[in-house]
Amino acid sequence: MSTVVSPTGRGRASVRRGLAVPAVCAVLLAGCGGGDGRTSPDGGQHPKASATPDGGVRRDAKAVTEYFPEFGALQSVVWKGEVLGEGRSAVPGPSDLRVSGVAVLTAAAAGELRTAYAWQDAPGTPSVLADVRPHVPESPRWQVSDAFTSAVTGERYSGSFSVDFTRKVVVFDTRNPEKPPSSGGA
């Protein structure tokens, strides 16, 4: 396969993203349970929204800590990955994946984040997938950090990360997240 590289060097990155997104879909959606029988272009099952009483949200921290190690140690997490669009296998090519969640940090991890980055107050409530929304605590003081967002995403994908330091909570909403290169990611 030959790749045409633009003067900005984005050609190769686009090919890598095209190959990485199906792998991310498979890893993050694997084990969601209750597939609806449709197979995605990457061969994985799409989750069925009504697979569990809580809309298919997951509580396992392993994938979250692998994809977002910058969060530090977690006490608990609720998250969901959802293939965007219809995800029909008749349409070739990679699918986009949105991953949202709420991570409760340990006191030590929250303290480290608070001191390691410059934070600004953020108005409103963070945006997340509908099934995750009930798990987002109401807070009068969400904070965001451009430097933290850049550290988490490595500028390889888009995402938003809002922190409530009083409750030690990170609310995240990402598109096509990738594992950091140091943890064996794509």
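What you are looking at is a predicted structure, and each value in this text was computed from that prediction instead of being measured. (Residues numbered from 1 in each chain as written. Predicted model: local features only at pLDDT ≥ 70, side-chain atom pairs only at ≥ 80, totals over all residues. Heavy atoms only, no water.)

A. A look at the overall build of the protein chain. Tallying secondary structure elements over the protein chain gives four helices and six strands in all. The N-to-C order of helical and strand elements in the protein chain reads α-α-β-β-α-β-β-α-β-β. Within the span of the protein chain, comprising 186 residues, buried residues form 39% of the whole. A fraction of 59% describes how many contacts in the protein chain between residues 6 or more apart in sequence connect residues 24 or more apart. Roughly 9600 Å² of accessible area belongs to the protein chain as shown, and the carbon and sulfur atoms make up 53% of that amount. (Helix = DSSP H or I, 4+ residues; strand = E, 2+ residues; numbered from the N terminus. Buried < 20%, exposed > 50% of the residue type's maximum accessible area, 1.4 Å probe, protein only. Contact = heavy atoms within 4.5 Å. Areas by Shrake-Rupley, 256 points an atom, 1.4 Å probe, with all protein chains shown as cover.)

B. Focus on the packing of aromatic side chains. Tallied over the full model, the rule gives 11 aromatic pairs. When the centroid spacing of 6.1 Å and the interplanar angle of 75° are considered together, the rings of Phe71 and Phe161 count as edge-to-face. Separated by 90 residues along the polypeptide, Phe71 in the loop between helix 2 (62-67) and strand 1 (74-83) and Phe161 in strand 5 (residues 158-164) bring together distant segments of the chain. Counting every residue linked through ring pairs, the aromatic cluster contains Phe68, Phe71, Tyr117, Trp119, Phe148, Phe161, Phe165 and Phe172. (Phe/Tyr/Trp six-rings, centres within 6.5 Å; stacked < 30°, edge-to-face > 60°.)

C. Here's a closer look at the nonpolar core. Counting residues in hydrophobic clusters, the biggest one holds 25 residues, and the most contacted among them are Val64, Phe68, Phe71, Leu105 and Phe172. Of all the secondary structure elements, the ones that give two or more residues to this core are helix 2, strand 1, strand 2 (97-105), helix 3 (107-116), helix 4 (146-153), strand 5 and strand 6 (169-175). Non-local contacts of Phe71, meaning those with residues more than four positions away in its chain, are made with Val64, Ala103, Leu105, Ala109, Leu113, Phe148, Val152, Phe161, Val170 and Phe172. Listed in part, the 11 residues of the second largest apolar core include Val78, Val102, Leu129 and Val169. (Core = buried A, V, L, I, M, F, W, Y, C linked by side-chain atoms within 4.5 Å.)

D. Summary view of the confidence of the model for the protein chain. Averaged over all residues, the pLDDT of the protein chain equals 76, while 65% of them reach at least 70. Put simply, helix 1 (residues 10-29) is where the protein chain has its lowest mean pLDDT, 44, and helix 3 is where it has its highest, 98. Of the regions scoring below 50 in pLDDT, residues 1-27 engages in 31 contacts with residues more than four places distant in sequence or in other chains. (pLDDT = per-residue confidence, 0-100.)

E. Region of interest: the pattern of salt bridges. Enumeration over the complete set of coordinates arrives at eight salt bridges. A salt bridge links Glu82 to Lys80, with the nearest nitrogen and oxygen atoms 3.8 Å apart. As a salt-bridge pair, Asp131 and Lys80 come within 2.3 Å of each other at their nearest N and O atoms. Within this pair, whereas Asp131 is found in the loop between strand 3 (120-122) and strand 4 (142-144), its partner Lys80 is found in strand 1, the two being separated by 51 residues in sequence. Accessibility expressed as a relative area gives 25% for Asp131, which makes it partly exposed. (Salt bridge = Lys/Arg side-chain N within 4 Å of Asp/Glu carboxyl O.)

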